[in-house]
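# Structural overview
Chain residues, written in single-letter form:
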Amino acid sequence: MACQLDGEVELSAAVKIPDRLLKRDQERVEAAERRKEVQESQTVTEEKSDYFSRGFNAEKAVIESLLSICSNLDRDKAPRVLEEVTLKIQQLQKFFNDSVVFLTQYELRQAQASLHTLQSTLDEKRDELLPKKKFAFRSRKAETSNSKATPVSTDSSQHSKSDGGTQDARSAELHVADGNIGAEQCGITNVDSQTLTMSAEEIQQRDVLLTHLTNCKVRLLGSPSTLHIKHVRDCEILCGPVSSSIFVDHASGCTFAFPCQQLRTHNTTDTRVYLHVTSRAIVEDCSGVRFAPFNWSYPGIEADFELSGLDKDRNNWTLVDDFNWLAADTHSPNWAILPESERRSSWD
Amino acid sequence: MGLLTILKKMKHKEREMRLLMLGLDNAGKTTILKKFNGEDVSTISPTLGFNIKTLEHRGFKLNIWDVGGQKSLRSYWRNYFESTDGLVWVVDSADRLRLEDCRRELSALLLEERLAGATLLVFANKQDLPGALSKDAIREAMALDDIKTHHWCIIGCSAVTGENLLMGVDWLLDDIAARIFTAD
């Protein structure tokens, strides 16, 4: 009896299973179909590298053939063909740019090289076929006269020393800009052993530049917007409240006194700074820089503080970050606080 | 297909961009970042290290990395190059003496393979200063017209007044969006 029952159970199961299997199999096939469809819809033909190389090479061949025939064309037709080629190369460049993200390094280099060759062939053809336009000639002439003027108007020896960089055509151009500093830039440059004062009218809310000063006493009685001090030796520079930052580079044996929002000191040695700073001072590549609180004054400094927007009650002169000394537990050897006994109290 | 498509789709969904802000020290990078984010700019101190800000703008999530520009920090810039969508190069337009330095640092950056796909925005900052060079003078001095490897644009701005900051960032977003979010 028990045995018979078992048999019945088995029998009914055998009938049911194929049904379920069939259903599952069908579902599986459908799911696979769906996946395939999704996959196909997501594949972007434009992103296959063979699509790119095919398109690129076809277009390249067209351009090359255009370039090769244009030598045989007469003067009227050649410009039009060259124009077309220019356009085609631009389009090809764009096509390339758009495809850059999915190309391999090798393909990138190849395509770039091809584009470069096409462009230079085009340039050659253009030089060969088209007469030079007048304005091009003129502009070139202007350039040469410009560069000739360079050595006269600038002090290039000092700059090449300070930048430590190679002297190329572009830096020569820049020196022309340097030469114009006197005209547009407010400040003092190239002075030796003098006492110099600039009044509020000259410097108020301007960006002031002091460079190449030796053994000078400088008084800036006003509130500049920023102050740059570069290449100064054995100078005493006092300045009214500076609204934003002061940038000091290559100073040695100097005494500075100024209020500012930020002070950035670079390549400076053996210098005392009487400082009022509302955010922070930093030193980089410096040694022997010593800080004291700002204590200089002149008639009208209160009004200049107002104008500069600096907070008179917030002075962080003791907070100095040394970019060459990141250890938090030991004090940087490059800067120190000037002992009270050595601080100056009178400035005149 | 597909990895790239998937990546693009993921990015699209997040609408997230990574912007890297570099430039010489004292150019005004942190000030631009804070001003753009509507923060107080009067207490900014020279950046020892870096700042990151994540902010929402025009429905995009911008991760802006502002890395210090001091000479001693420049060798670390390359640690931040990975997966940068946009490079913001900030120039102190009033600092004529270091323009050549500035040009050299930028041209070195543009040779970086990991920045090859990034869009370049040059901010000619500090236009509020009376002695600042115009954006065209900066463009010439920096030889920007010679750049053929990147999409670029130069915009004169002032981080202190906020002038043109929005315009610059909007251009950058448009250019990046056109590049990475057009998969579908």
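Residues numbered from 1 in each chain as written. Chains lettered and ligands numbered in written order. Predicted model: local features only at pLDDT ≥ 70, side-chain atom pairs only at ≥ 80, totals over all residues. Heavy atoms only, no water.

- For chain B, an unreviewed UniProt entry supplies the name ADP-ribosylation factor-like protein 2 and the organism Aldrovandia affinis.
- Per UniProt, chain B carries the Sequence similarities (unreviewed entry) text "Belongs to the small GTPase superfamily. Arf family."
- Of chain B, the UniProt comment under Subcellular location (unreviewed entry) reads exactly: "Cytoplasm, Cytoskeleton, Microtubule organizing center, Centrosome". (UniProt positions renumbered as here; feature names shortened; annotations may be inferred.)

- You'll find chain A entered in an unreviewed UniProt entry as Tubulin-specific chaperone C, with Aldrovandia affinis given as the organism.
- Under the UniProt heading Function (unreviewed entry), the note attached to chain A is "Tubulin-folding protein; involved in the final step of the tubulin folding pathway."
- Quoted verbatim from the Sequence similarities (unreviewed entry) field of UniProt, the annotation for chain A is "Belongs to the TBCC family."

## Quick notes on a negative patch on the surface
- There is a patch of like negative charges on the surface, built from Glu27, Glu30, Glu33, Glu37 and Glu40 of chain A.
- Here glutamate 30 of chain A is to be found in helix 1 (residues 2-42). (Patch = residues over 30% accessible without salt bridge, like charges linked within 9 Å, V, L, I, M, F, W, Y side chains within 5 Å. Areas by Shrake-Rupley, 256 points an atom, 1.4 Å probe, with all protein chains shown as cover. Salt bridge = Lys/Arg side-chain N within 4 Å of Asp/Glu carboxyl O. Lys, Arg positive; Asp, Glu negative; His and termini not counted. Charge placed at Lys NZ, Arg CZ, Asp CG, Glu CD. Helix = DSSP H or I, 4+ residues; strand = E, 2+ residues; numbered from the N terminus.)

## Some remarks on the nonpolar core
- Counting residues in hydrophobic clusters, the biggest one holds 38 residues, and the most contacted among them are Leu210, Leu227, Phe256, Phe258, Leu263, Leu275 and Phe291 of chain A.
- Sorting elements by how many residues they give to this core places strand 9 (residues 269-284) of chain A first, with five residues.
- With residues near it in sequence (within four places) discarded, phenylalanine 256 of chain A still touches Ile229, Val232, Ile237, Val248, Ala251, Thr271, Arg272, Val273 and Tyr274 of chain A.
- Counting residues in each nonpolar core, the second largest holds 27 residues, with Trp65, Phe81, Val91 and Ala141 of chain B among its members. (Core = buried A, V, L, I, M, F, W, Y, C linked by side-chain atoms within 4.5 Å. Buried < 20%, exposed > 50% of the residue type's maximum accessible area, 1.4 Å probe, protein only. Contact = heavy atoms within 4.5 Å.)

## Notes on the packing of aromatic side chains
- On inspection of all chains with the given rule, the structure shows 12 aromatic pairs over all chains.
- Relative to tryptophan 335 of chain A, the ring of phenylalanine 291 of chain A lies with its centre 5.9 Å away and its plane at 80°, an arrangement referred to as edge-to-face. Linking phenylalanine 291 of chain A in strand 10 (residues 287-293) with tryptophan 335 of chain A in strand 12 (residues 335-337), this pair joins segments that are 44 residues apart in sequence. For the pair formed by phenylalanine 291 of chain A and tryptophan 335 of chain A, the shared burial category is buried.
- The cationic tip of arginine 15 of chain B hangs over the ring face of phenylalanine 60 of chain B; the distance from NZ or CZ to the ring centre is 4.4 Å. (Phe/Tyr/Trp six-rings, centres within 6.5 Å; stacked < 30°, edge-to-face > 60°. Lys NZ or Arg CZ within 6 Å of the ring centre and 35° of its normal.)

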